[in-house]
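A structural walkthrough
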Amino acid sequence: MRKIIQILAAVLVLATLCIGLSASALAADSTAPLEVVIWDNNQQAGLQAICDLFTEETGIPVQVVVKSWDAYWTLLEAGAMGGDMPDVFWMHSNNSQMYMAYDMLLDLTDYIAASEVVQVENYMPEIWELYTYNDRYYGLPKDYDTIALWYNKTMFDEAGLAYPDATWTYEDLLNAAKALTKEDGSQYGFALNPSNDQDTYYNFVYAMGGSIVTEDRKSGYDDPNTIRAMQYVGELLSYCPPNTVMSETGTDVLAKSGQVAMITQGSWMVADFKQNEYMAENFDVAILPYDSVTGNRASICNGLGWAASAFTDRPNDCWALIEWFGSKEMQTMQAELGVTMSAYNGTSDQWVNCAEGIFDLTPYLQVASEEKTGDGNNMLVLRPYTFNSTQWQSAAQQAFVAAWADPSKMEEVCLSFAATMNNLIAQEVMP
Amino acid sequence: MATKSIGRKPKMSPWDKSQLIWGWIFIAPTMLGLLILNFYPIVDTAIQSFYRTMPFNRGNVFVGFENYINMIADAEVWQSLINTFKYAIIEVPFSIAIALVLAVFLNRKIRFRSGYRTIFFLPMIAAPAAVAMVWRWLYNSQFSLINNAFGLHVDWISDPNIAWISVGIIGVWSILGYNMVLFLSGLQEIPGDYYEAADIDGANGFVQFFHITLPLLSRTIYFVLVTRVIGALQLFDLIYMIMDGTNPALPKTQSIVFLFYKYSFQNNQKGYGAAIVILLLAVTMIITLLQNLFQKKWVNQD
């Protein structure tokens, strides 16, 4: 009897080992699905449709998995340390420098040189810049995003105000916010939280001639123009919900629930806003205001890149998929489906139609055209980044909580945070 | 076996030997799990706390006690430790006291007894993240059920003076059922004879509770106390799910594990994060040791 048990136990152990081994052997099989990981739920359906066409064409199945933003970077970092990342995934300017510098991403330079589909000059140069390191390409531009002003038409009508347009300066925005704020706290003119950096206050800073990161990689928060912009934010806060409210509830949710008349938001939110009945019925989009002193209208621009794991067993399959995403047809399809604007020049006009009859999305494209709209000079500013941007970005969000609670401290917080940020940047070590 | 062999190595009979081997085989899966999933990471974390870690752990620099020296000077660390204690001071005593009373009542023969037991245990089977999300909206200053039902304007989770209590209440609510079940099982081990004898002597329910139930339940209470204190010191998911990084109440509410998460996974400072979590380990061990010393004074030893 005991013999039998011993034999059984031995067989069990062997069996588990075999299963483990065969699972790792299977991974190199080209009929196994390529694993694509992204962080934006709004894009999954559209991207899966594009991947399904790829499977039809090549026979390689693709599985698109969505993670939350935090979980995404934890997964990717753990994968990078253990040498087992997903096959194909998104890169973001926050982290791209670090991943490229440490050779975690598949070098796409030779593939791009050999490709007939991907020609470097067809994509926005700003986005290439984010995914190029030492003159090698590690990511293919996927999309770009800009910022625009969302306003509640019903509230403007009720207050008898004209809708925002290209003639608006930041003073006009402030005056309208004041006029739209009701004393009983049921309605506020504007909303921004310290976490609304890229989509809100960075734009003010660059329009007013300031900066977040200077050209010599220092903090721009102590620049007098940056301080002027942040003091403008301080004035605007009088017509925003209390800072405690905005810290609990996102400004997009406050807009959706009819509590604020205006917010500025990125083009990546369109897919979400379109599905919200209240937004679709009451809101429309205008171009950002310009600053009357500089005459500039600035929109922060960021773009994702398609990247592949440096450790993948199937680099050719990964490149085939990335090339597919980057092809003119699929970039057009991405825009048409309303997934996002596309990084391939000239394909984004289709994106405007994805919200036809609901929102007028042209302001998002107008601000990207390097010319004048109304009286303001349009400026497209790449989202500020350094080697480890996340660190000072989250520190800034926490530091400005004090200034949000008491806007008279704005200048003080700007100056003290500039020192903190310079310190953090100085500690960044490139390999 | 020890009694049989004094002064020399015991000679094992084949039976003993086979017992020994099978004993090891049976505990091997758990032992392996503990070694690989618990013990190894602890050692690794302790080692990491002496390094300045680089991205992806490539080329970490040994810095001796630098992380610890920085930590001692870091007011945020001490504030977080205080926050964690504040949470524990709400969660542990209240969840034990209320659960004890509930357990005594639900140990009696009352109608719908199993129904009540199920209701109190339910929060335990819900995922902590889901519990936190529901409470986040219950507490929301603009749209919450609590504020709207009672016509209040309280910033439950963004007022630094209130937020820690709000979080503590969720903690008590979530763990109540689990403590109650442990107490129920403890209560069922107390022989009914004691209560019968007390009844005959004319002791009322109050006296019975303090002179029979409490002393005979003290070992269960001790177990719950030790495990709950350790659990409370590890507070993370409630804070992480309920409070965003820009919440004005966060500095006065964030727990030590939350701070560890922030440094290790958001700021890419794994060495410093490791030092913070080693501090928590030390604090937890000291508190558990103290409890172990003092338990002789109040825990029934028979």
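All names here are of chain A. Structurally, Met 333 is set in helix α16 (residues 328-336). Residue classification places Met 333 among the buried positions, given a relative accessible area of 18%. Met 333 sits 18 residues away from Trp 351 along the chain, and the two C-alpha atoms are 9.0 Å apart. When near neighbours in sequence (up to four residues on either side) are disregarded, Met 333 contacts Ala 49, Ile 50 and Leu 53.

What follows is about helix α3 (residues 75-106) of chain B. The end-to-end C-alpha distance of α3 of chain B is 46 Å, a good match for the 46 Å that 32 residues give at a rise of 1.5 Å each. Between the side-chain oxygen of the N-cap and the backbone nitrogen of Glu 76 of chain B there are 2.9 Å, and the N-cap of α3 of chain B in question is Asp 74 of chain B.

What follows is about the pattern of salt bridges. All names here are of chain B. Following the criterion strictly, the structure yields 13 salt bridges over all chains and no others. Across the pair Arg 136 and Asp 244 runs a salt bridge, and its minimum N-O distance is 3.1 Å. On the criterion of sequence distance, the pair formed by Arg 136 in helix α5 (residues 128-139) and Asp 244 in the loop between α10 (237-242) and α11 (256-266) is long-range, its members being 108 residues apart. We classify Asp 244 as partly exposed; its relative accessible area is 30%.

Let us look at the packing of α5 of chain B against helix α7 (residues 163-188) of chain B. Residue and element names in this part refer to chain B. Two elements in contact, α5 and α7, have axes separated by 11 Å at closest approach and are oriented at 135 degrees. Comparing the axis directions of α5 and α7 gives the class oblique. Remark: the crossing between α5 and α7 carries right-handed chirality. Counting all contacts with α5, which are made through Val 131, Trp 135 and Tyr 139, the residues of α7 involved are Ser 166, Ile 169, Ile 170, Trp 173 and Ser 174.

As a further point, take the pairing of strand β10 (residues 260-266) of chain A. Residues and elements named next belong to chain A. In terms of burial, β10 is largely enclosed, as 7 of its 7 residues are buried. With 5 bridges joining them, strand β8 (residues 147-152) and β10 adopt antiparallel strand pairing. Pairing of Tyr 151 across the sheet is with Met 262, part of β10. Taken together, the 2 bridges between strand β9 (residues 188-190) and β10 define a ladder with parallel strand orientation.

The extent of an interface is frequently quoted as the accessible surface area lost upon association of the parts. Listed as interface residues are 30 residues of chain B and, on the opposing side, 34 residues of chain A. Considering only the surface of chain B that becomes buried against chain A, Trp 22, Phe 56 and Thr 246 of chain B emerge as the three largest contributors, covering 26% of it. Put simply, chain B and chain A have 1 salt bridge between them. Across the pair Glu 77 of chain A and Lys 270 of chain B runs a salt bridge whose closest N-O atoms are separated by 2.6 Å. Linking chain B to chain A there are 12 residue pairs in polar contact (both at pLDDT 80 or more). For the side of chain B that touches chain A, the element with the highest residue contribution is α11 of chain B, accounting for 4 residues.

This part takes up the nonpolar core. Buried together is how nonpolar side chains tend to be arranged in soluble globular proteins. With 144 residues, the main nonpolar core has Tyr 201, Met 262 and Phe 400 of chain A as its most contacted residues. At 8 residues, helix α20 (residues 410-427) of chain A tops the list of elements feeding residues into this core. Residues lining this core come from more than one domain, with at least three contributed by each of domain 1 (32-144 + 303-347) and domain 2 (147-210 + 224-299 + 358-417) of chain A. Core analysis: the second largest hydrophobic core is formed by 59 residues, Ile 212, Leu 217, Leu 233 and Ala 249 of chain B among them.

Residues and elements named next belong to chain B. Domain boundaries in chain B define domain 1 (14-62) and domain 2 (66-298). A C-alpha centroid distance of 29 Å is found between domain 1 and domain 2. Between domain 1 and domain 2, the residue contacts involve 10 residues of the former and 12 residues of the latter. When domain 1 packs against domain 2, the two sides together hide about 720 Å² of surface, and 57% of this comes from carbon and sulfur. Summed over the three residues of domain 1 that lose the most area to domain 2, namely Thr 45, Ser 49 and Thr 53, the buried surface amounts to 51% of that side. The salt bridge partner of Arg 52 is Glu 66, with a shortest N-O separation of 3.5 Å. At the boundary of domain 1 and domain 2, one finds 6 residue pairs in polar contact (both at pLDDT 80 or more). Elements that contribute at least two residues to the side of domain 1 that touches domain 2 include exactly α1 (14-48) and β1 (51-52). With 4 residues, the single largest contributor to the side of domain 1 that touches domain 2 is α1.

Tallying each qualifying case throughout the model produces 52 aromatic pairs over all chains. Ring centres 4.8 Å apart and planes at 80 degrees place the aromatic pair Trp 150 of chain A and Phe 359 of chain A in the edge-to-face group. Within this pair, whereas Trp 150 of chain A is found in strand β8, its partner Phe 359 of chain A is found in the loop between α17 (349-352) and α18 (362-366), the two being separated by 209 residues in sequence. The pair formed by Trp 150 of chain A and Phe 359 of chain A is uniform in burial state, with each residue classed as buried. Among the aromatic residues, ring-to-ring pairing joins Trp 39, Trp 69, Tyr 72, Trp 73, Trp 90, Tyr 99, Tyr 102, Trp 306 and Phe 325 of chain A together with Phe 56 of chain B into one connected group. Residue placement shows Lys 86 of chain B over the ring face of Trp 164 of chain B; its charged tip is 4.9 Å from the ring centre. In this structure, Lys 262 of chain B is placed above the aromatic ring of Tyr 263 of chain B, and the distance from its NZ or CZ to the ring centre is 5.5 Å.

All names here are of chain A. Along its sequence, chain A is organised into domain 1 (32-144 + 303-347) and domain 2 (147-210 + 224-299 + 358-417). If you average the C-alpha positions of domain 1 and of domain 2, the two centres end up 30 Å apart. Tallying the contact residues gives 16 residues for domain 1 and 16 residues for domain 2. Carbon and sulfur atoms make up 56% of the surface buried where domain 1 meets domain 2, a total of about 1,500 Å² over both sides. In this structure, the connection of domain 1 to domain 2 is made through 0 salt bridges. The interface formed by domain 1 and domain 2 contains 3 residue pairs in polar contact (both at pLDDT 80 or more). Among the residues making up the side of domain 1 that touches domain 2, the classes are represented as 7 nonpolar, 7 polar and 2 charged.

Quick notes on the rules
Residues numbered from 1 in each chain as written. Chains lettered and ligands numbered in written order. Predicted model: local features only at pLDDT ≥ 70, side-chain atom pairs only at ≥ 80, totals over all residues. Heavy atoms only, no water. Helix = DSSP H or I, 4+ residues; strand = E, 2+ residues; numbered from the N terminus. Buried < 20%, exposed > 50% of the residue type's maximum accessible area, 1.4 Å probe, protein only. Contact = heavy atoms within 4.5 Å. Expected span 1.5 Å × (residues − 1). Polar contact = N/O pair within 3.5 Å; in protein donor to acceptor, adjacent residues only side chain to side chain. Salt bridge = Lys/Arg side-chain N within 4 Å of Asp/Glu carboxyl O. Axes fitted to C-alpha atoms, helices over the stretch in contact; angles between N-to-C directions. Parallel < 35°, antiparallel > 145°, perpendicular 65-115°, else oblique. Left-handed = near helix turned anticlockwise from the far one by under 90°. Pairing = 2+ DSSP bridges. Buried area = accessible area lost by both parts, 1.4 Å probe. Core = buried A, V, L, I, M, F, W, Y, C linked by side-chain atoms within 4.5 Å. Domains from an automatic or database assignment. Phe/Tyr/Trp six-rings, centres within 6.5 Å; stacked < 30°, edge-to-face > 60°. Lys NZ or Arg CZ within 6 Å of the ring centre and 35° of its normal. Nonpolar A, V, L, I, M, F, W, Y, C, P; charged D, E, K, R; others polar.

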